[in-house]
Each structure stands twice: as structure tokens, then as C-alpha cells.
Amino acid sequence: MSEPLYQLVYYSRNAIRGDETAFAKAIAAILTASRRNNPLVGITGALLFNAGCFAQVLEGSLDAVEATFERIQQDERHGDVSLLALEPIAARSFSNWAMGFVGHSRENADRFAAIGLDSGFDPERLGGQRIHEILRELVIQEEVVAA
Ligand SMILES: Cc1cc2nc3c(=O)[nH]c(=O)nc-3n(C[C@H](O)[C@H](O)[C@H](O)COP(=O)(O)O)c2cc1C
């Protein structure tokens, strides 16, 4: 039998400093590391970010989720990491994503606005369930836009 699956949702304050290019480079480095490391331990998930904050969903075995989150929490590119949810799940929501991502691209600016994320989303008020729903909706949208 395979190990039970868990899903973790957190948000944090973006601490990346510099201009847009520096920000894009830092995000690219985070995604590269995620896509290298996460498949090795069976983690999937998605990352939502803007200039102000990050929100991320990690899913996999409890051991893998906890070890990955432990490492992420130490990262100086963000701060004030707040755990919103850690719970067992029946199935993965992001099975195709070693780490999908949603930035505030021009393409999905309208969708950001529609969901109320436009003027810097406030993950504290959204809650884990809503962040999860938003990521599911937007990460799939990015996939369609990218295709
Ligand atoms: C917001 C944020 C999300 C991150 N997500 C992941 C992740 O899902 N997986 C991962 O391995 N590293 C993630 N990282 C990077 C880790 O903190 C760490 O830098 C990286 O895992 C180190 O990998 P390496 O030892 O292979 O270079 C994230 C960092 C930040 C700031």
C-alpha cells in the first residue's frame, strides 16, 4: 500500500529585493530547485506569488512534506511563514506539477482581478482552502496560456 498523502498550505512575506529582473531571476531559481528536488521525494504542488507575498501548496507523504517545508522555512527569500493547513488528502490536486506556479502575468491579470487578488492578495484573509482553489484554477490557466 502506498503511504497516506498530506497537503500543506502556507503563506509568507516576499523578502526578495531588487528590480523586476532580480525578482524574476530569484523566482526562476526557486522553481528550478523545486523541480529538481520535489520529484525525488514525491512532492507535487503549486506556488502563487506577487511582489508582496508567496502562497504555496505542497502535497506528498507526511515525511516528504514536512522535510521540504522545514527547508523552505529557512529560506531568506521570504519571511513570516504562516502555516494555514496540514491535512490528509484522498488524492493529489497537482499531480502533474513538480511545482506549478502562478505569477501576476499580464495574461492572467484579469483573472487575478476577478478573484480579488489584484491589489496584492492577502493570504491571511483567504485561508488555506481558498488558496488551494485559486491555485488549482490559475495553475491550470497558466498551462493553457503557455500551450
Ligand atoms: C517561496 C519558496 C518556495 C520554495 N519551494 C520549494 C519547493 O517546493 N521545493 C524545494 O526543493 N525548494 C523550494 N524552495 C527553495 C528552498 O528553500 C531551498 O533553497 C532549496 O530547496 C535548496 O535546494 P538545493 O539544496 O537543491 O539547492 C522554495 C523557496 C521559497 C522562497
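Shown above is the structure to which this text applies.
What you see is a predicted model, and the numbers here were worked out from it, not measured in a lab.

J.: Help me understand the nonpolar core in this model?
T.: Across soluble globular proteins, nonpolar side chains have a tendency to be buried as a group. Core analysis: the largest hydrophobic core is formed by 18 residues, its most contacted members being Leu-8, Ile-16, Ile-27, Leu-47, Phe-49, Phe-54 and Leu-58. It is helix H1 (residues 20-41) that provides the largest number of residues to this core, a total of 5 residues. Contact partners of Leu-58, with chain neighbours within four places excluded, come to Tyr-6, Gln-7, Leu-8, Ile-43, Thr-44, Val-65, Thr-68, Phe-69, Ile-72 and Met-99.

J.: What's the story with the pairing of strand E3 (residues 53-60) in this structure? I'm lost.
T.: Consecutive side chains along a regular strand alternate between the two faces of the sheet. Burial within E3 is extensive, with 8 of its 8 residues counted as buried. Note: strand E1 (residues 5-14) against E3, 8 bridges, orientation antiparallel. Its bridge partner being in E3, Val-9 is matched across the sheet by Val-57. Bridging between strand E2 (residues 44-49) and E3 involves 6 bridges; their strand directions are antiparallel. Looking at the pairing, Gly-45 lines up with Leu-58 of E3. Between E2 and E3, which pair antiparallel in sequence order, lie 3 residues.

J.: Even after reading the chapter, I still don't get the sheet that holds strand E5 (residues 100-102), so can you show me in this structure?
T.: Pairing between sheet strands relies on hydrogen bonds along the backbone, with the strands arranged either parallel or antiparallel. Pairing within the open sheet is mixed, and its 5 strands lie in the order E4-E1-E3-E2-E5. Every interior strand has two partners, whereas the edge strands, strand E4 (78-89) and E5, have only one. Neighbouring strand axes in the sheet, compared pairwise and without regard to direction, differ in orientation by 15° on average. Running at roughly 170° to E2, H1 makes contact with E1, E2, E3 and E5 of the sheet.

J.: Could you clarify how one ought to interpret the site of the ligand in this entry?
T.: In the neighbourhood of the ligand, 18 residues make up the surrounding shell, with Arg-36, Asn-37, Asn-38, Arg-71 and Asp-75 lying closest. Measuring from an oxygen atom of the ligand, one finds a side-chain N or O atom of Arg-71 at 2.6 Å. At 2.6 Å from an oxygen atom of the ligand is found a side-chain nitrogen or oxygen belonging to Asp-75. If the ligand stood free it would expose 620 Å²; the protein chains cover 81% of that surface. Sorting the residues of the shell around the ligand by element identifies H1, E3 and helix H2 (62-73) as the ones contributing at least two each. The element best represented in the shell around the ligand is H1, accounting for 6 residues. Looking at side-chain class alone, the shell around the ligand contains 8 nonpolar, 6 polar and 4 charged residues.

Definitions and limits used
Residues numbered from 1 in each chain as written. Predicted model: local features only at pLDDT ≥ 70, side-chain atom pairs only at ≥ 80, totals over all residues. Heavy atoms only, no water. Core = buried A, V, L, I, M, F, W, Y, C linked by side-chain atoms within 4.5 Å. Buried < 20%, exposed > 50% of the residue type's maximum accessible area, 1.4 Å probe, protein only. Helix = DSSP H or I, 4+ residues; strand = E, 2+ residues; numbered from the N terminus. Contact = heavy atoms within 4.5 Å. Pairing = 2+ DSSP bridges. Axes fitted to C-alpha atoms, helices over the stretch in contact; angles between N-to-C directions. Near = heavy atom within 4 Å. Polar contact = N/O pair within 3.5 Å; in protein donor to acceptor, adjacent residues only side chain to side chain. Areas by Shrake-Rupley, 256 points an atom, 1.4 Å probe, with all protein chains shown as cover. Nonpolar A, V, L, I, M, F, W, Y, C, P; charged D, E, K, R; others polar.

That is the geometry; function is a separate question.
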